Amino acid sequence: MRPPKSAGTQTATLAEIAREAGVSAPTVSKVLNGRADVAPATRTRVEELLRAYGYRRRRAEASRSPLIDLVFHELESAWAMEVIRGVENVARDAGLSVVLSESAGRLTPGRTWADQVAARRPHGVVLVLSGLDESQRALLTSRSIPFVVMDPAGDPGPDVPSIGATNWQGGLAATRHLVDLGHTRIGAISGPSRMMCSRARVDGYRAALETAGLPVDPSLVVTGDFHHDAGYRLGLELLRRPDRPTAVFTGNDLQALGLYEAARELGLRIPEDVSVVGFDDLPVARWVGPPLTTVRQPLTEMAEAAARLVLELGRAAEERAATRVELATSLVVRSSTAAPAGSREDRPS
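Described below are features of the structure shown in this document. Please read all numbers here as calculations on a predicted model, not as lab measurements.

## Overview of the packing of helix α7 (residues 167-180) against helix α8 (residues 196-211)
In step 1: At a minimum axis distance of 7 Å, the contact between α7 and α8 shows a crossing angle of 40°. What the angle tells us is that α7 and α8 run oblique. As for how α7 packs across α8, the hand of that crossing is right-handed. The residues of α8 that touch α7, namely those facing Asn167, Trp168, Gly171, Leu172, Thr175, Arg176 and Val179, are Cys197, Ala200, Arg201, Asp203, Gly204, Tyr205, Ala207, Ala208, Leu209 and Thr211.
In step 2: Residue composition of the contact of α7 with α8, grouped by class: 9 nonpolar, 5 polar and 3 charged.

Quick look at the structure:
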C-alpha cells in the first residue's frame, strides 16, 4: 500500500489515514495505542499506512507511562545484572520503573513484544545485544517511543542511537599484555561470530600478534558462545593439544571461568602452566582463585549512558541525529597472567 505521491513531503493526520484505510479515527487511535480490540486485517492495513506516511505521533499527544523497557536477548548471567543496575540507577533518579523482557536468544524481539511496548507507552526502550526489524522500528517511531541499542550485536545502522565499548582496543590490550610477558603461542576463545563485539575483540587479538611479528595460528582461535560451558569445552580442546598455548584470551569472563575448570581438570596451574585473560571485569573476576586478569568493559556506565540517552531523545522537541558512543575499555592486571615457564631462556632477545 502506497501513500499519494505528495505524502513524502507532508504529514498525514489521523483523520486522513483513517479515511484512506476506510475506518474511523478512533480505530486508528486504538492501533496507535496498541489496543487489542481491532481486527487483525484492519490493524495491518492501518499499520501499513502509518509506515507509508512516516507518521510520527506528536510529543504532546504521547502520554507516556513512567517506564523504561529493557530488552535482553538472554537474561541469565552476572553480565545482565550489571546492565540492569545501570538502567535502574537512571530510572530511579527520573522517578521511573524498569520493565524487563527477554527474546529467548533471538537478536530481534518478536512482533508481540512490539505491540506490548506500544500499549505500555514507555518513556523509551533500551535493547541489549539486540535490534529491531524495520516494522518494529516503524511501530515505535510512529508512537514517538525512542529506542537505543546497547552493545549492538551487528551494525545498528547510521540512524539508530547506540552505546558500545572499545572492543577492538580491549582485545589488543589483552593480547599485547600476554605478548609483553613473553608468550608466543596465545589461544583465543571468542564469542559468537554473529556478534560485532565478539569479532572486534578477536580482531584486536590478531592485530596485537601481527604487530609483534607473531604468526596468527587459526587453529588456536575457537568460537564459543559467551557461556561458561563453552569456555570449559573449548578450553579442554586447546589445553589437550600437544602444542598447547601457554596463554589464552577469552572473549568474556564467563568463558574464562570455564577455562579455569578445564585447566584444573587437566592438572594445569594458572598462571604457572597457562595464563588467562578475560573480558568484562564482572565482580566474580576478583573472587576466583587466582583473581582474573581481564579487560574492564564499563557495563554499568554503558547502561546508564543508554538510559540517559533514551530519556534525552524522548524529551527532544524535534528529531536529533543518531548518536553513537563508545566507552573506553581498560586492562585490569591480576594474578592469572605471568611469564611462560622458561621464558628467560626462550624469549627472543
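Picking up after the structure, the text goes on.
## What to know about helix α1 (residues 14-21)
Given 3.6 residues per turn, any residue in an α-helix points the same way as the ones three and four places further on.
In step 1: Every buried residue of α1 is listed here: Ile17, Ala18 and Ala21. End-on view of α1: buried residues confined to an arc of 100°, all on one side of the axis.

## Re the sheet that holds strand β6 (residues 186-190)
In step 1: Strand order in this open sheet of 6 strands is β7-β6-β8-β9-β10-β12, and the pairing throughout is mixed. At either end of the open sheet lies a strand with only one pairing partner, and these are β7 (221-223) and β12 (330-332). Strand-to-strand, the axes of this sheet are offset by a mean angle of 20°, without reference to chain direction.
In step 2: Across 4 bridges, the pairing between strand β9 (residues 275-280) and strand β10 (residues 293-296) is parallel. For Asp280, the partnering residue across the bridge sits in β10 and is Arg296.
In step 3: Along the sheet, α8 makes contact with β6, β7, β8 (247-250) and β9, crossing β6 at roughly 170°.

## Quick word on the environment of Arg137
In step 1: Considering the arrangement of structural elements, one finds Arg137 in helix α6 (residues 134-142).
In step 2: Given a relative accessible area of 25%, Arg137 falls into the partly exposed group.
In step 3: Arg137 sits 23 residues away from Ala114 along the chain, and the two C-alpha atoms are 8.9 Å apart.

Cut-offs applied
- Residues numbered from 1 in each chain as written.
- Predicted model: local features only at pLDDT ≥ 70, side-chain atom pairs only at ≥ 80, totals over all residues.
- Heavy atoms only, no water.
- Axes fitted to C-alpha atoms, helices over the stretch in contact; angles between N-to-C directions.
- Helix = DSSP H or I, 4+ residues; strand = E, 2+ residues; numbered from the N terminus.
- Parallel < 35°, antiparallel > 145°, perpendicular 65-115°, else oblique.
- Left-handed = near helix turned anticlockwise from the far one by under 90°.
- Contact = heavy atoms within 4.5 Å.
- Nonpolar A, V, L, I, M, F, W, Y, C, P; charged D, E, K, R; others polar.
- Buried < 20%, exposed > 50% of the residue type's maximum accessible area, 1.4 Å probe, protein only.
- Arc of directions from axis to C-beta.
- Pairing = 2+ DSSP bridges.

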